[in-house]
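Below are the chains, spelled out letter by letter.
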Amino acid sequence: MDLNNTVAIVTGANRGLGRHLTAGLVERGAKVYAAARNPETVDLPGVIPLKLDVTDTESIAAAARTASDATLLVNNAGISTSAPLIVGDLDDVRRELDVNFFGPLTVTRAFAPVIENNGGGTVLNVLSVLSWFHPAALGSYAASKAAAWAMTDAVREELAPRGISVSALHVAYMDTDMAAGVPAEQKIDPADVATQALDGIESGLAEILADDTTRYVKQSLSSSNSA
């Protein structure tokens, strides 16, 4: 996909990886709707701030009407509550599934006909190495990302006949607010992750593995499945 003159919508565009993805798209010549629950927090030049809450179907529908020229959807918005599955707050578990699984699914359902009507395009889902590796301390987050990975694979097959490709970005710890408590040496620069993601979209990759940790875990998963 040539990102020059592409029309993109990025959820969670006001900070972290979403901000870097948005800036990178602008640099590559795309028109970008920078979506956030509070669009006034979007301060990047050259973008169109757009109100979108991935847990609010009316908000999503309104965003799809506004961004009716979109050909690229980046499902980036996500949360982590650090809730374990057995002793964690069940409301936190539900909230993570709402944002990290039902959120991108609902946004994709709303934008699929938009992208199709515009001649086809791409959906990028921002996932995690924890799609495959499930530590107990982050059980809720891992479960939500594993579900989002399964959704990504199924939606890829479902949307292919409609001219829409679906890519998955998997990454470990990034230097963002979500990983503030992780030692710096274990984190990757989100600007680098954004560059890899956009390169992957341009190359038509179905799966983008952004760091050594993620590549190792995916390789280990493949090895265990073949054993």
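Counting restarts for each chain: residues are numbered from 1 in the order of the written sequence. Local features in this predicted model are restricted to residues whose pLDDT is 70 or higher, and side-chain atom pairs enter the listing and the counts only when it is 80 or higher, whereas totals over whole chains, interfaces and linings include all residues. Hydrogens and water are ignored here; the side-chain numbers use all heavy atoms of the structure.

Trainee: With reference to specific residues and values, describe the side chain of N75.
Mentor: Helix and strand assignments follow DSSP, with helices taken as H or I runs no shorter than four residues and strands as E runs no shorter than two, numbered in order from the N terminus. Along the polypeptide, N75 turns up in strand 4 (residues 72–75). In contact with N75, not counting residues within four places along its chain, are T11, P104, V107, T108, V123, L124, N125 and V126. Contacts are assigned to residue pairs that have any heavy atoms within 4.5 Å of one another.

Trainee: Mind laying out the pattern of salt bridges, listing which residues take part and the relevant values?
Mentor: By definition here, a salt bridge exists when the distance from a side-chain nitrogen of Lys or Arg to a carboxyl oxygen of Asp or Glu is within 4 Å. Taken as a whole and judged by the stated rule, the model has 10 salt bridges. With its nearest N and O atoms 2.9 Å apart, the salt bridge here joins R28 to D199. Pair noted here: R28 is in the loop between helix 1 (16–27) and strand 2 (31–36) and D199 is in helix 5 (residues 190–203), with a separation of 171 residues, a long-range link. Burial here depends on accessible area, computed with a 1.4 Å probe over protein chains only, as a share of the maximum for the residue type. Under 20% is buried, over 50% is exposed, and the range in between is partly exposed. Judged by its relative accessible area of 23%, R28 falls in the partly exposed class. Two residues, R95 and D92, come together in a salt bridge whose shortest N-O distance is 3.4 Å. Of the two residues, R95 and D92 are both situated in helix 3 (residues 90–117); the distance of three residues between them amounts to about one turn of the helix.

Trainee: An account of the nonpolar core is needed here, citing residue identities and associated values.
Mentor: Only buried residues count toward a nonpolar core, which is a set of Ala, Val, Leu, Ile, Met, Phe, Trp, Tyr and Cys residues joined through side-chain atoms within 4.5 Å. Ranked by size, the top nonpolar core spans 29 residues in total, and within it L17, L21, L25, L169 and V193 carry the most contacts. Elements with a contribution of two residues or more to this core: strand 1 (7–10), helix 1, strand 2, strand 4, strand 5 (121–126) and helix 5. Of the residues forming this core, the biggest block, five residues, is contributed by helix 5. In terms of nonpolar packing, the next biggest core, distinct from the first, is built from 26 residues, Y33, V99, A112 and V123 among them.

Trainee: Explain the pairing of strand 4 residue by residue, including any values.
Mentor: Here strand 4 shows a buried face lined by L72 and V74 and a second buried face lined by L73 and N75. Only strands that DSSP links by at least two bridges are regarded as paired with each other. Bridging between strand 1 and strand 4 involves three bridges; their strand directions are parallel. The residue bridging A8 from the neighbouring strand is L72, located in strand 4. The pairing of strand 4 with strand 5 spans four bridges and is classified as parallel. Its bridge partner lying in strand 5, L72 is registered against T122. Following the backbone out of strand 4, through helix 3 and into the adjacent parallel strand 5, one traces a crossover that is right-handed. The path from the first strand over the helix to the second decides the hand: if it runs clockwise while the strands point away from the viewer, the crossover is right-handed.

Trainee: How would you summarise a nonpolar patch on the surface if you had to cite specific residues and measurements?
Mentor: A contiguous nonpolar patch, built from L85, I86 and V87 and spanning about 370 Å² of accessible area, is present on the exposed surface. Positionally, L85 belongs in the loop between strand 4 and helix 3. Patches here: salt-bridge-free residues with over 30% relative accessible area, like charges joined within 9 Å, nonpolar side chains (Val, Leu, Ile, Met, Phe, Trp, Tyr) joined within 5 Å. Only the protein chains shown count as cover for residues, and the accessible areas themselves come from Shrake-Rupley with a 1.4 Å probe.

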